[in-house]
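Descriptive analysis of the structure
Each chain, letter by letter, is given below.
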Amino acid sequence: MHVTSSVRTPLVTGGKTYADVTEDVSRQVEGRPTREWTIAFAISVVVLIYGTACVFWTWWEGLGVWGLNKTIGWAWDITNFVWWVGIGHAGTLISAILLLFRQKWRTAVNRAAEAMTIFAVICAASFIVMHMGRPWLAYWALPLPNTFGSLWVNFKSPLVWDVFAISTYFTVSLVFWYMGLIPDLATIRDRARSKVSRYIYGALSMGWNGSAKTWARYEYMSLILAGLSTPLVLSVHTIVSFDFATSVIPGWHTTIFPPYFVAGAIFSGFAMVQNLMLIIRVVFRLEDYITVEHIESMNKVITLTGSIVGIAYLTEFFIAWYSGVEFETYAFINRATGPYWWAYWAMMTCNVISPQLFWSRTIRRSVIWTFVLSVVVNIGMWFERFVIIVTSLHRDYLPSSWAMFHPTLFDISDYIFSFGLFFTLFLLFSKFLPVVNMAEVKTIIKSSSEKLPKSVSGVAKGERVANPTFNKDVE
Amino acid sequence: MASVHAIPSLEQEYEFTSESKRRLMIGIGAGVVLVAIGAFLLASGVGDHSHEVVQGQGHSAGHEGEHGFKWTTRLWANLWLNAVYFTGVSVIGMFFISYNYLAQAGWSSVFKRIPEAMPAFLPVTGIVMLVTFFVAGHDLFHWTHHDLYDPNSEHYDPIIAGKSGFLNTPFYVIRIVVYFVAWYGLWRILRNFSLQEDLNGGTEYYEKSIKFATAFLVVFAVTSSTSAWDFVMSIDTHWFSTMFGWYTLASWHVTGLAVITLTVITLKERGYLQAVNENHLHDLGKFMFAFSIFWTYVWFAQFMLIYYANLPEETIYYRERFSGYGGIYQAPFFINLFLNFVFPFLVLMTRDAKRTNIFMKIACWGIIVGHYFDFYTNIMPGTVGEHGGFGPIEFGMILIFACGFMWSVSTQLAKANLYPKNHPMIEEAIHHDI
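As annotated in an unreviewed UniProt entry, chain B carries the name Quinol:cytochrome C oxidoreductase and comes from Rudanella paleaurantiibacter.

You'll find chain A entered in an unreviewed UniProt entry as Hydrogenase, with Rudanella paleaurantiibacter given as the organism. Recorded under Subcellular location (unreviewed entry), the UniProt text for chain A is reproduced unchanged: "Cell membrane". Turning to chain A, the UniProt record has this under Sequence similarities (unreviewed entry): "Belongs to the NrfD family."

1. Brief notes about the overall build of chain A
A count of helices and strands for chain A gives 16 helices and zero strands. Principal-axis analysis of the C-alpha atoms places the extent of chain A at approximately 80 × 55 × 40 Å. Burial statistics for chain A: of 475 residues in total, 57% are counted as buried. For chain A, restricting intrachain contacts to residue pairs at least 6 apart in sequence, the fraction spanning at least 24 positions comes to 82%. Surface summary for chain A: the accessible area is close to 20,200 Å², and the carbon and sulfur share equals 70%. Of note, chain A has its 36 positive side-chain charges centred 8 Å away from the centre of its 29 negative side-chain charges.

2. Examining the overall build of chain B
Check the secondary structure of chain B and you find 18 helices and zero strands. Compactness check: chain B gives a C-alpha radius of gyration of 23 Å against a globular reference of 22 Å for 434 residues, within 12% of the reference. Its C-alpha atoms give chain B principal-axis dimensions of about 70 × 45 × 40 Å. Every one of the 434 residues in chain B was classed for burial, and the buried ones make up 59%. When the accessible surface of chain B is summed, it comes to about 16,800 Å², and 66% of that surface belongs to carbon and sulfur atoms.

3. Describing a nonpolar patch on the surface
Residues Y139(A), W140(A), L142(A), L144(A) and F148(A) make up a contiguous nonpolar surface patch of about 450 Å² in total accessible area. Summarising the element assignment, F148(A) is placed in the loop between α5 (106–132) and α6 (158–191).

4. Regarding the environment of W107(B)
Position of W107(B) relative to the elements: it lies in the loop between α5 (72–102) and α6 (113–117). Sequence separation of W107(B) and N279(B) is 172 residues, and the distance between their C-alpha atoms is 9.1 Å. W107(B) has contacts with R102(A), N100(B), H280(B), D283(B), L284(B), F287(B), A429(B) and H432(B), leaving out every residue within four places of it along the chain.

5. Looking at the confidence of the model for chain A
Detailed reading of the predicted model is not advised wherever pLDDT is low. Across chain A, the average pLDDT comes to 89, with 96% of residues at 70 or higher. Under a pLDDT of 50 for its full length, residues 468–475 of chain A has, in the predicted model, eight contacts with residues more than four places off or in other chains.

6. Remarks on the pattern of salt bridges
All names here are of chain A. The full count for this structure, using the stated rule, is 30 salt bridges over all chains. In this structure, R111 engages D184 in a salt bridge whose closest nitrogen and oxygen atoms are separated by 3.1 Å. A residue pair is termed long-range when its members are at least 10 positions apart, and R111 in helix α5 and D184 in helix α6 qualify at 73 residues. R111 sits in the buried class, given a relative accessible area of 2%. Judged by its relative accessible area of 1%, D184 falls in the buried class.

7. Overview of the packing of aromatic side chains
All names here are of chain B. Under the counting rule described, the total for this entry stands at 115 aromatic pairs over all chains. One residue, R175, lies across the ring of F171, its end atom 4.3 Å from the ring centre. Taking the ring centre of Y317 as reference, the NZ or CZ of R321 above it sits at 3.6 Å.

8. Observations concerning the nonpolar core
Nonpolar side chains in soluble globular proteins tend to end up buried together. One finds W84(A), Y260(A), F270(A), W80(B), F111(B) and F231(B) to be the most contacted residues of the largest nonpolar core, which totals 275 residues. In terms of residue count, α5(B) provides more of this core than any other element does, 19 residues in total. Sequence-distant contacts of F111(B), defined by excluding residues within four places in its chain, comprise F96(B), I260(B), V264(B), V276(B) and L284(B).

9. As for the interface of chain A and chain B
Listed by partner, the interface residues are 40 residues for chain A and 50 residues for chain B. Per-residue buried area on chain A facing chain B is highest for R102(A), T255(A) and Y322(A); these three make up 19% of the total on that side. On inspection of chain A and its partner chain B, the count reaches two salt bridges. Among the ionic pairs, R102(A) bridges to D283(B), the shortest N-O distance being 2.5 Å. For the side of chain A that touches chain B, the secondary-structure elements that each account for two or more residues are α6, α8 (212–245), α9 (257–283) and α10 (292–323) of chain A. Looking at which element gives the most residues to the side of chain A that touches chain B, the answer is α10(A), with ten residues. Of the residues that constitute the side of chain A that touches chain B, the class distribution is 24 nonpolar, twelve polar and four charged.

10. Brief notes about the packing of helix α3 (residues 76–87) of chain A against α5(A)
All names here are of chain A. For the pair α3 and α5, interaxial distance at closest approach is 7 Å and the crossing angle is 160°. As judged from the angle between their axes, α3 and α5 are roughly antiparallel. Judged by the sense of rotation from one axis to the other, the crossing of α3 with α5 is left-handed. Residues D77, I78, N80, F81, W84, V85 and I87 of α3 lie in contact with α5, whose contacting residues are M116, A120, C123, A124, F127, I128 and H131.

11. Some points on the packing of α10(A) against helix α11 (residues 326–337) of chain A
Residue and element names in this part refer to chain A. Close contact between α10 and α11 brings their axes to 7 Å; oriented N to C, the two are set at 135°. Comparing their axes, α11 and α10 come out oblique. Every pair of crossing elements has a handedness; the one defined by α10 and α11 is left-handed. Every residue of α11 that contacts α10 at E316, F317, A320 and W321 is listed here: E328, T329, F332, I333, R335 and A336. The residue inventory of the contact of α10 with α11, partitioned by class, reads six nonpolar, one polar and three charged.

12. Some points on the state of the cysteines
Scanning the entire structure with this criterion turns up zero disulfides over all chains. Of all cysteine sulfurs, the one in C123(A) lies closest to C54(A), which takes part in no disulfide; the gap is 15 Å. Owing to a relative accessible area of 7%, C54(A) belongs among the buried residues under this scheme. C403(B) forms no disulfide, and the closest cysteine sulfur to it belongs to C364(B), at a distance of 18 Å.

13. Quick look at the side chain of H294(A)
Residue and element names in this part refer to chain A. Considering the arrangement of structural elements, one finds H294 in helix α10. A residue is classified by how much of its surface remains accessible, and H294, at 1% relative accessible area, is buried. A distance of 3.3 Å separates a polar atom in the side chain of H294 from the backbone oxygen of Y289. Within the local environment of H294, its side chain forms a polar contact with the side chain of T291, the two groups lying 2.9 Å apart.

14. Focus on the confidence of the model for chain B
All names here are of chain B. When the pLDDT values of chain B are averaged, the result is 90; 93% of them are 70 or greater. Mean pLDDT values over the elements of chain B span from 41, in helix α4 (residues 60–63), up to 96, in helix α11 (residues 244–269). Scored by ipTM, the complex comes to 0.91, with pTM at 0.93.

Definitions and limits used
Residues numbered from 1 in each chain as written. Chains lettered and ligands numbered in written order. Predicted model: local features only at pLDDT ≥ 70, side-chain atom pairs only at ≥ 80, totals over all residues. Heavy atoms only, no water. UniProt positions renumbered as here; feature names shortened; annotations may be inferred. Helix = DSSP H or I, 4+ residues; strand = E, 2+ residues; numbered from the N terminus. Buried < 20%, exposed > 50% of the residue type's maximum accessible area, 1.4 Å probe, protein only. Contact = heavy atoms within 4.5 Å. Areas by Shrake-Rupley, 256 points an atom, 1.4 Å probe, with all protein chains shown as cover. Lys, Arg positive; Asp, Glu negative; His and termini not counted. Charge placed at Lys NZ, Arg CZ, Asp CG, Glu CD. Rg over C-alpha atoms; globule rule 2.2 N^0.38 Å. Patch = residues over 30% accessible without salt bridge, like charges linked within 9 Å, V, L, I, M, F, W, Y side chains within 5 Å. Salt bridge = Lys/Arg side-chain N within 4 Å of Asp/Glu carboxyl O. pLDDT = per-residue confidence, 0-100. Phe/Tyr/Trp six-rings, centres within 6.5 Å; stacked < 30°, edge-to-face > 60°. Lys NZ or Arg CZ within 6 Å of the ring centre and 35° of its normal. Core = buried A, V, L, I, M, F, W, Y, C linked by side-chain atoms within 4.5 Å. Buried area = accessible area lost by both parts, 1.4 Å probe. Nonpolar A, V, L, I, M, F, W, Y, C, P; charged D, E, K, R; others polar. Axes fitted to C-alpha atoms, helices over the stretch in contact; angles between N-to-C directions. Parallel < 35°, antiparallel > 145°, perpendicular 65-115°, else oblique. Left-handed = near helix turned anticlockwise from the far one by under 90°. Disulfide = S-S within 2.5 Å. Polar contact = N/O pair within 3.5 Å; in protein donor to acceptor, adjacent residues only side chain to side chain.

Here it is in C-alpha cells:
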C-alpha cells in the first residue's frame with residue numbers, strides 16, 4: 001500500500017486518465033508542426049547559419065580575430081564553455097539525484113531537462129574545439145600513441161581530466177536520456193499511422209514490448225544509471241573548477257571552488273530549465289503536467305543553490321582578507337572596485353540578490369517573475385565566469401602587462417553560434433520526441449492527481465477518441 | 001512483505017530505566033577515573049615521549065614563541081576536541097529535521113524524535129567550550145597572545161595581527177554565545193511545536209515548523225562555516241582554506257547521520273520503534289553512504305588543490321599532520337581516510353547490507369569513530385603538537401562525553417511519545433516501502 005499525505009500538493013491537474021497523458025504529450029509529435037514552432041525553428045536555423053559562418057571564419061583566419069591578448073589568454077571562449085557546461089548540470093541532477101530522492105515532480109520535467117543537458121554539453125564542447133584553433137587536430141586531446149599526434153597528453157593537467165570527465169558525462173547522460181525515451185518511443189510507434197514513422201519510431205524503440213520483465217529491467221537500469229550519474233554530475237564541474245583552482249593565480253586558487261562550482265552549475269541549469277519549461281508548457285498546452293507546483297519546486301532549488309553560491313562568494317572574500325595574502329586580498333578588492341567592477345556587481349546582483357526575491361511565495365509562483373528571474377540568473381552566471389576568468393587575469397604580475405579585454409565581433413558571434421545550435425537542436429527534439437516522459441507521469445497519476453476521473457484507465461478525451469488507433473481491439 | 005505492512009501502534013513511551021542510568025553513571029565514573037589516571041601520569045611525566053623528540057629537533061619549539069608546554073594543555077585540548085565533536089553531533093539533529101521539513105520528506109517522520117532529541121546536549125558542550133576558552137584559551141589558541149599584536153614585541157606577527165578584526169577575544173566569545181543561543185533557541189521552538197502537535201494535532205504546527213526549520217537553515221548556512229573557522233581552523237592561526245567550513249559541516253553531518261541510525265537500530269533491537277522497518281534503514285544507509293562519499297569529496301578537493309598549488313603557507317598544514325611532530329599524526333591521518341571513506345564505502349555498498357542491522361551498526365561505528373579521528377587530526381597538532389597521543393585521557397574523555405550525550409538523548413526521548421503521532425507525514429512513513 002502506498003500512502004500520500006494530505007499536505008502534499010497535487011502534481012497533475014485536470015483529472016487526467018492514462019490515455020489523456022498519452023494523448024496530450026503525443027499530440028505535437030504526431031501532428032503537423034505548429035506555426036510558433038516553425039517560426040522559432042526558422043529563426044534558430046538562420047542564427048545557426050550565421051554563427052557557423054563566423055566560426056568558420058574564426059578557424060580560417062585564426063584565433064587572432066578574437067579579442068585575446070598576451071595577458072588575457074582566456075576570455076569569452078572559456079566563459080562560454082563553463083557557462084554551457086554549468087547549464088548542462090540540471091538535467092542530470094533532475095534525472096539522477098531527484099530520482100534517488102524519489103521526488104515525484106521530476107517526472108514532468110526530466111525529459112526536457114536531460115535533452116537540454118545534452119545540447120548544452122555539445123555547445124560547451126564546441127568552444128573547446130573552437131579555442132583549439134585547429135579543430136582537425138582535436139583528437140590530440142586524447143591519449144593516443146605518438147604516431148597519431150604530436151605528443152602524449154599531460155595527465156597532470158586538469159584540462160586532460162576535463163576531456164575524460166565531460167566525455168564520460170556526455171555519454172552517460174545520453175544513455176540515460178535515451179533509455180528513458182524507449183517506452184515512450186514504443187508508445188508512439190504503436191500509435192503511428194504512417195509506415196515511415198512506424199518504421200523510424202519502431203527502430204528507435206528497440207523492440208520494447210512493455211512486459212513486466214521489461215519494466216523491471218527499466219527500473220533497475222534507471223537506478224544504476226542514477227547511481228552512476230550522481231558522482232558524475234559532481235565530478236564534471238569539480239574538474240572544470242580544477243582548471244582554475246590548481247593554478248596559483250590569485251582569485252583562482254581557492255579550495256572551495258569544486259563544490260561552489262557544482263552549486264553554481266545547478267543554479268544556472270535550473271534557471272535554463274525554467275525558461276524552457278515555461279515556454280513549452282504554454283506552447284504545447286501542458287499546463288496540467290508542468291504545474292505551478294513544479295515551477296515553485298524548481299524556484300526553491302534556485303534559491304537554495306543561489307544562496308549556496310552567495311555563501312561561497314562571501315567565504316572567498318572573507319578568507320582573502322583573513323589569509324593575509326596581499327595578492328589574494330588585492331584580487332578580490334580589485335574585482336569589486338577595479339575596472340571590472342560592473343561585471344562583479346552584475347554577478348552579485350543577478351546571482352545572490354535577485355534569487356532572494358523567491359522567498360516571496362507570490363513571486364515564486366508567478367510565471368512572469370520566474371521567467372524574468374531565470375533569465376537574470378543566467379546573465380549573472382555568465383558574468384560570474386567572466387569575473388573569475390578575466391578579472392583574475394587582467395592584472396598580471398607586472399603592471400606593464402596589465403590589460404583589458406575587448407570582445408570583437410567574432411567573440412560575440414561565436415557565442416551567438418552556440419545559441420543557434422542549442423535552439424535548433426532543442427526545437428528538433430521538442431517536435432520529434434515527446435517532451436514529457438509519459439510513462440513516468442503515469443506512475444504518479446494515482447498518487448498525485450488533483451482529482452481522479454472515475455476510471456483512470458478510461459479512454460482519452462482528445463480528438464483521437466473517435467478513432468482510437470491505440471486501441472488494438474478497434475482494428 | 002506482510003510484516004512490513006503490519007502497522008504497530010503509534011502510542012509508545014520510551015522508558016529511561018534506572019538500569020540504563022546506572023550504566024551511564026558507571027561509564028561517566030570510569031571516564032573520570034581514566035582522565036584522572038591520565039592526568040596523574042602526564043603530570044608526573046610518564047607516557048610523554050616527546051622530550052626526546054624536542055631535544056632531537058633542537059630548539060624548534062622555542063622559535064614559535066610558545067610559553068612552554070604544560071601537561072594540562074592536553075587535558076584542555078581533549079575537552080575542546082570532544083566538545084566540538086559532540087556539538088556537531090547535537091546540532092546535526094536539528095539540521096536533519098530542518099532540511100527534512102523544508103524538503104517535505106515523509107519517510108523520516110517515523111523516527112523524527114531521535115534527531116529531535118539530540119540538540120538538547122548543546123548547552124553542555126557550549127558551556128564546556130566557554131569554560132575551556134576562558135581557562136585555557138592561551139594554551140589552545142595561539143592567536144590569544146597579546147604580544148603577537150604589539151609591533152614592539154619580539155613575538156609580533158604581522159599576519160596574525162592582520163586578523164585581529166576577527167580573531168579577538170570579545171568578538172570570539174560573542175560568536176560562540178551567538179551560535180549556541182541561536183541553534184539551541186531555534187531547536188526549542190521546533191521541539192515545542194513538535195510536542196504541541198502530539199497533543200493538539202492539525203497541520204498548523206507542521207506549517208509553522210517548516211518556517212522555523214527554514215530559518216534555522218539560513219542561520220546554519222552561515223554559522224556552520226564561521227563556527228568551523230572559530231572552533232577548529234583558528235587553532236592553526238596562520239593557515240586558511242575556503243573549503244574548511246563545508247568540510248567540517250560534511251564531517252559533522254555524516255557523524256550525526258551515523259548517530260541517528262545507530263540510535264534507531266538500538267531502540268528497534270530493544271523492542272521500540274517497530275514501525276521503523278528495513279526500508280527506513282535502507283534510506284538511512286544510503287544517506288550515510290552518500291555523505292561519506294561527500295565528505296571524502298571535500299576532503300580530497302581541499303587536499304588536492306593545496307597539494308597541487310604547493311604554496312608553502314598552505315601545504316604546512318598537511319606537512320605537520322603527515323610527517324611533523326615525529327610522525328605521530330600520520331596514523332590518525334590514514335585511519336581517518338580509511339574509516340571515513342574506504343570502510344563505509346565497502347560495507348554499505350550492497351542493498352542487503354543497508355537493510356541488515358548488524359552491517360548498519362558496523363558502518364555506524366566506523367563512521368562515528370572515524371570522524372573522531374577527523375577532528376583529532378585537525379585539532380591536536382595545533383594544540384598539543386608533539387605531546388599528543390592516545391592515552392587514558394583520550395579514552396576517558398570520550399567516555400564521559402559519550403555517556404553524557406546518551407544520557408541527554410535518553411532523557412529527551414523519555415519526555416515524549418516515541419512517534420510524532422500527529423505528524424502529517426506519519427502515515428506515509430509507516431507505509432514506507434522501497
